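Structural overview
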Amino acid sequence: MTLLGEFALWIALPVTAWGMVLGYAGGRTQRGDLVLSAERSIYATFGLLAIASAGVTAAFLGDRFEYWYVSNYSNANLEFFYKVTGLWAGQRGSLLFWALLLAFFAVICAFTNRNKNREFMPYVAGVLQTILFFFVVVLLFAEVNPFERVELNGVAFTPADGRGLNPQLQSYWMTIHPPTLYLGFTSFSIPFAFAIAALLNGRLDARWIQLTRRWILTSWLFLSVGIVMGMRWAYEELGWGGYWFWDPVENASLLPWLTATAFLHSIQIQENRGMLKVWNMSLVLLTFLLTVFATFLTRSGLIESVHSFATNLTIAYIFLGFMGAVLAISTLLIVHRLPQLRSDNQIESFLSRESAFLFNNLMLLGAAFTVMWGTMFPLISEGVTGQQISVGPPFFNRVNLPIGLILLALVGIGPVIAWRRATKKNLQKNFMFPVAVMLGTGTLLWVLGARHELALVTWSLCAFVLTVILTEFYKGTKARARIEGEGYALAFVHLITRNRRRWGGYIVHIGFVSLCLAFAGAAYNTDSRFNLQPGEEVEVTSPYGHSYQLRYEGLSVSIGRGQRNLIWQAIATVSVARDGESLGILTTEKRQYVNRGTQPMTEVAIRSNLQEDLYLILAALDDTEAALTNDPEAQGIDLQILIKPLVIWIWIGCLLLTLGTIIALWPNVDRKRRDAEPSADVEPALAGAD
Amino acid sequence: MTLYLGVALVTAAVVLFLIHPVIQGIHASLDREDDELTETEARKRVALLALRDVEYDFLAGKLDEDDYRTMKAKLTAEALAALAADEEAKETGAMGSAELEAEIAAIRRGLQGAVRCAACDFSNPAGSKFCSACGQPLLETVVS
């Protein structure tokens, strides 16, 4: 099976090349047979990559340590579950997995468009096969072939056991977080393919955007959820209480998210007002490039090998070449089509939703630029001065916090401003109440003792935005109830279902507010560390004023003898009370895995509620050696106690964001109904207001 | 041996699958199909959506009455032009479906037929109480 997989990867090379050439040729000559063959090559590519992936998985399950990839990311004792997910545990497999997912989306795209949008499909097939061709080339020729054998002095040999999977990756979140991100990265290729197809076939109206809106939203959703899952993994698994570090790998996934978010907003201007056509083309191109860049950054090993830069430059050159070519060709195409990409309209007034959207775009791109700059800075500085200077979280925070606050404010301002031209008087009227709520919230929090300026500003803005959005829901429901004569509950449901994009979008915005609320909570994190003997009790005070009493009950040690790759496990039990009232026990552990002489891993304990998380870290054992022999004198530990306000709202925000996006994505019954019974939707929309 | 057989089979299947359309001359359609929006239909849709936005913004209190009237008059004119252009395109090209014709007629009635201003003879959409052009109250009752 594994050998067949390896051959399948080689067969995929000519197949993708074939599809690439025939797609463009078929589009150029308008020959349907060539196009059909190009589309079939997409299905074939998916089949071949599936066989190749199955080959890798078979190698993992069969403990075939003669393969370099398997021997480096698995061992005989690894749990079955992690052997199955081994396909995306490391660089080599995940590049194959990336290609497989892209081929999967390409198949969906080809299949759903087999009878429609035919004028786009030749080029869409061509573009998708170009990207797939590129990844197959990388897999085969950039020294990252997952089917490469282990060699010792040029002679093939089979290690007795693998080196095992990095314990930090042995986490539930880590098995679903990368695939989710990859789904986001790869699905963005489809809008990109349609954009290029539009540039090639000259249909430059909003059609390509309408066709790909769902793809863009889907891809954005996967990206968002993938990023938050990564935060969750970091929070639970890395064991120091943070969820975001501005680490290059995180930044890499944030970059396309920022530009995709900008794109989601700016396409509305093109759809509604026929403006920003060049801008949208550029954004989709940029986002696609950034998804490739993210893959490159996280999976080329470039950042990992910052210390040993020259380990594998082949893959870096291939990726840079590909990105350069994509950039050059797309720019040429846009320049070539420039006359047809002129705006149908102009912005009529600074006080309009269009300009709010534009401002939002500028902010998002500004954030993307700073993140990009900060991420690349070590490499740039090394190139220029020969010295690596890393840019830490302070840089990112200083630049991105103000941008984030402006964006948050815009989320509140946008809905209240009318398209085209807003009237100052109305703005004042509409803003009066939300601004009052904002100031009231700020004052209230001040009175309650909150003194951190940035957090106060953020929370007040959150209150402002929330008021605006809820007022929108209220007014919309009321207006609908009045026009249609419906009850309020029905009117509310119809309000959302009749314009899913708008109201789904608002729900996403509430999710964003929830995230901002949580991020600002970090200003009130507390962190204390105690050395405790069994039976000792400590007290920590929460920023809310209540206090926790924590009593260290004792240590229990188990020796794993290599089962599940565990050597030993030391579990500290802590009973927790809040203001004297018992809350039960929490356990935090140190684990030593068999792997590669790694440090013991920490498993943290988290007790979460809507207010705050109580986060316990078994920071150190007083004497590990003695503790493992159950020496009663060596039961002392260092316990780190963190209180992290509002963290749960990150996960709640992510759920809201998902819900809103799904509402916006849901197939539009509206449109069908409008076609079927014309009077139902159009007339009320056009009927004058009383 | 089994491996080579497998590889040969996969390769043969892929090659046949790919060259079959070219050899047999099976052509995929490359034409735009009928249910897609045409240029004029797209314009019509945008114009109608814009009208809906203005209505919504006015109802939600984001536009004051003066702006609402001027904008509505302008957009109504745009929408009517788009409808006319679309109808013209339909007549010269393929006939639209009966449903679509009915829809257009209904919208036309909604936009044109409803209330004619006694002072300036401007056609106001159904349900208007004031004339979009001159601002005079419209006295006629609207027949629904």
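Let me begin by describing the structure that accompanies this report. (Residues numbered from 1 in each chain as written. Chains lettered and ligands numbered in written order. Predicted model: local features only at pLDDT ≥ 70, side-chain atom pairs only at ≥ 80, totals over all residues.)

Time to look at the overall build of chain B. Scanning chain B from N- to C-terminus turns up four helices and two strands. Moving toward the C terminus, one meets the helices and strands of chain B in the order α-α-α-α-β-β. Within chain B, buried positions represent 31% of all 144 residues. Excluding contacts between residues fewer than 6 apart, the proportion of contacts in chain B whose partners are at least 24 apart in sequence is 41%. (Helix = DSSP H or I, 4+ residues; strand = E, 2+ residues; numbered from the N terminus. Buried ≥ 20, exposed ≤ 12 C-beta atoms within 10 Å, placed from the backbone. Contact = placed C-beta atoms within 7 Å.)

All names here are of chain A. Strand order in this open sheet of four strands is E3-E11-E10-E9, and the pairing throughout is antiparallel. Two strands lie at the open edges of the sheet, namely strand E3 (526-532) and strand E9 (605-608), each paired on one side alone. Averaged over all neighbouring strand pairs, the angle between strand axes comes to 15°, with direction disregarded. (Pairing = 2+ DSSP bridges. Axes fitted to C-alpha atoms, helices over the stretch in contact; angles between N-to-C directions.)

All names here are of chain A. Counting 199 residues, the largest nonpolar core has Ala-99, Val-124, Phe-135, Phe-194, Ala-195, Ala-197 and Val-465 as the members making the most contacts within it. If one sorts the elements of this core by residue count, helix H9 (residues 207-237) sits on top with 18 residues. Other than its neighbours up to four places away in sequence, Phe-194 contacts Phe-120, Val-124, Trp-208, Leu-211 and Thr-212. With 19 residues, the next largest nonpolar core counts Leu-555, Leu-614, Ile-617 and Ile-637 among its residues. (Core = buried A, V, L, I, M, F, W, Y, C linked by C-beta atoms within 7 Å.)

As a further point, take the sheet that holds strand E4 (residues 537-541) of chain A. Working definition: the strands of a sheet are paired by backbone hydrogen bonds and lie parallel or antiparallel to each other. All names here are of chain A. An order of E4-E5-E6-E7-E8 is seen for the five strands of this open sheet, with the pairing classed as antiparallel. The sheet is open, and its two edges are formed by E4 and strand E8 (601-603), each paired on a single side. Sheet twist, expressed as the mean angle between neighbouring strand axes with direction ignored, is 25°. As paired strands, strand E7 (residues 581-593) and E8 are joined by three bridges and run antiparallel to one another. Along E8, the bridge assignment pairs Glu-589 with Glu-603.

Residues and elements named next belong to chain A. Across the nine residues of strand E11 (residues 637-645), eight count as buried, placing the element largely inside the fold. Of the strand pairs in this sheet, E3 and E11 are connected by seven bridges, and their pairing is antiparallel. Residue pairing in the sheet places Phe-530 in a bridge with Leu-639 of E11. The pairing of strand E10 (residues 612-621) with E11 spans nine bridges and is classified as antiparallel. Across the sheet, Ala-620 pairs through a bridge with Asp-638, a residue of E11.

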